[in-house]
Amino acid sequence: MKVLKFGGTSMGSVESLVLIAKIIKENLDNSVQMIIACSAMSGVTNNLIEIGHLAENNNEESAIDLYNNIKNRHFETAEALGIKSEFEKQTTHLFQDLQNLIRGISLIREFSERSNAYLQSFGERFSTRLLTAYLNKLNINARQFDSGFIKTQGINFTVDEIDWEKTIDETNKILSQSIEKNEIPIVTGFFGTNKQGVISLIGRGGSDLTGAVLTVCMGWKTLEIWTDVDGFLTADPRIVKNARIIDEIGFQEASELCFFGAKVLHPKTIRPVIDLDGEVWIKNTFNANNPGTRIKRKAEENKYAVISISSKKSAWYLWIYSLHRKTENRYFQTCLFWLNNKIFPSI
Ligand code: ASP
């Protein structure tokens, strides 16, 4: 039982959607129960934000051009996957709504937080319908869900505070029913609904949080985040040629590496799974045979003294983390000082 979350690049092309279907099929063949959470196709969320600003600034024509780009990209992908008419059936009303929304924003020249959240939600609503139609074409019993059952706190439209009690209740009820019917739920990432039942966003990169929320709501222990990198590496591969993949890392170490430059994920988003002693895997859709990195609350003792090195150009220092608990401080401080002064004086 696990939740698989696919990011924007994984959802972004015909080739990558074919790879996703393969990954899902393999799990299915191994009788794994699954829920899938998806981002929008890569770049679409940014396009939607731009559309909002264009419409607000009386540039409806450019906004509609960009809208047409998004629409064409989805339809071209659907056509290449052989699901154009099904996708059209599932999304005609959505594209109409989006066009009306653009008109509305441009008429009143107001792009409020509420309109912004609604506007951005279209990316995931399109991408999940695309994937679902494709899986159905392959005779995989998948069913699309808009994630309104993820409840955010308060009445704002951009929050990352989940109303856990309500969310667990509703999400579990709806998705369990689907799973009982042997369906694979395909759930929109990135948004939920607020106290008033209105769409609210759960932060950029929020689909990872959606994945974590779904995992917790189902009482499951495994979340796989499928992206376009092999996992956490021992160093930046652009700088260190023989950087290795770290097979297992503790949440604390992962968070520190992310803070100091490793752009693998936003640690806060996976915290709900880690807090319940679950595990989160970082995996590469484009290199699925690679096992990836497992993140746990606490990693096993590592045979290497230094687990990874990451750096931020804007920061003046380099972060080294030792997994040798006993020597941690001394090791860390000596290495930091030495490397900083001798090897990377310019960082
Ligand atoms: N589509 C949203 C974003 O670009 C959410 C996500 O990809 O996780 O931030």
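Above this text you will find the structure in question.
Note that the structure is a prediction, hence the values are computed from the model and not measured.

What about the packing of helix α8 (residues 206-218) against helix α10 (residues 267-275)?
(1) Moving on: Contact geometry for α8 and α10: axes closest at 8 Å, N-to-C directions at 10°. Judged by the inter-axis angle, α8 sits roughly parallel to α10. Together, Asp-208, Leu-209, Ala-212, Thr-215 and Val-216 of α8 and Thr-269, Ile-270, Pro-272 and Val-273 of α10 make up the contact between the two elements.
(2) Moving on: A per-class count over the contact of α8 with α10 returns six nonpolar, two polar and one charged.

Quick look at the packing of aromatic side chains
(1) Moving on: Here the structure, examined in full by the defined rule, presents nine aromatic pairs.
(2) Moving on: Their ring planes at 75° and their centres at 6.5 Å tell us that Phe-87 and Phe-95 sit as a pair that is edge-to-face. One exposure class covers both Phe-87 and Phe-95, and it is buried.
(3) Moving on: Geometrically, the ring pair formed by Phe-122 and Phe-126 is tilted, given 5.9 Å between the ring centres and 40° between the ring planes. Separated by four residues within a single helix, Phe-122 and Phe-126 lie in helix α6 (residues 113-137), roughly one turn from each other. Taken individually, Phe-122 and Phe-126 each receive the classification buried, so the pair is uniform in this respect.
(4) Moving on: Pairwise contacts between aromatic rings join Tyr-67, Phe-75, Phe-87, Phe-95, Tyr-118, Phe-122 and Phe-126 into one cluster.
(5) Moving on: Its guanidinium or amino end placed over the ring of Phe-122, Arg-125 lies 4.2 Å from that ring's centre, counting from NZ or CZ.
(6) Moving on: The cationic tip of Lys-283 hangs over the ring face of Trp-281; the distance from NZ or CZ to the ring centre is 5.3 Å.

Let's talk about unusual backbone geometry
(1) Moving on: We note that Asn-139 has phi near 65°; this positive angle belongs to a residue other than glycine.
(2) Moving on: Locating Asn-139 in the fold gives a position in the loop between α6 and β3 (142-145).
(3) Moving on: At Asp-277, a residue that is not glycine, the phi angle is positive and equals roughly 65°.
(4) Moving on: Secondary-structure assignment places Asp-277 in the loop between α10 and β9 (279-284).

Digging into the pattern of salt bridges
Once the charged atoms of two side chains with opposite charge are near each other, the side chains can pair.
(1) Moving on: By the definition in use, this model includes 13 salt bridges.
(2) Moving on: Put simply, Asp-29 and Lys-25 hold a salt bridge, and the shortest N to O gap is 3.2 Å. Of this pair, Asp-29 and Lys-25 are both found in helix α2 (residues 14-29), four residues apart, which corresponds to roughly one turn of the helix.
(3) Moving on: For Asp-29, a relative accessible area of 53% corresponds to the exposed category.
(4) Moving on: Taking relative accessible area as the criterion, Lys-25 reaches 39% and is therefore assigned partly exposed.

Looking at the nonpolar core
(1) Moving on: Grouped together as the largest cluster of nonpolar side chains are 48 residues, with contacts concentrated most on Phe-6, Ile-36 and Leu-131.
(2) Moving on: Looking at this core, the elements with two or more residues in it are β1 (2-6), α2, β2 (34-38), α3 (44-56), α4 (60-80), α5 (84-108), α6 and β4 (184-188).
(3) Moving on: Considering every element that reaches this core, the biggest residue donor is α6, with eight residues.
(4) Moving on: Once you skip the residues sitting within four places of it in the chain, Ile-36 turns out to touch Leu-4, Phe-6, Ile-24, Leu-131, Ile-184, Pro-185, Ile-186 and Val-187.

Cut-off values and rules
- Residues numbered from 1 in each chain as written.
- Predicted model: local features only at pLDDT ≥ 70, side-chain atom pairs only at ≥ 80, totals over all residues.
- Heavy atoms only, no water.
- Axes fitted to C-alpha atoms, helices over the stretch in contact; angles between N-to-C directions.
- Helix = DSSP H or I, 4+ residues; strand = E, 2+ residues; numbered from the N terminus.
- Parallel < 35°, antiparallel > 145°, perpendicular 65-115°, else oblique.
- Contact = heavy atoms within 4.5 Å.
- Nonpolar A, V, L, I, M, F, W, Y, C, P; charged D, E, K, R; others polar.
- Phe/Tyr/Trp six-rings, centres within 6.5 Å; stacked < 30°, edge-to-face > 60°.
- Buried < 20%, exposed > 50% of the residue type's maximum accessible area, 1.4 Å probe, protein only.
- Lys NZ or Arg CZ within 6 Å of the ring centre and 35° of its normal.
- Salt bridge = Lys/Arg side-chain N within 4 Å of Asp/Glu carboxyl O.
- Core = buried A, V, L, I, M, F, W, Y, C linked by side-chain atoms within 4.5 Å.

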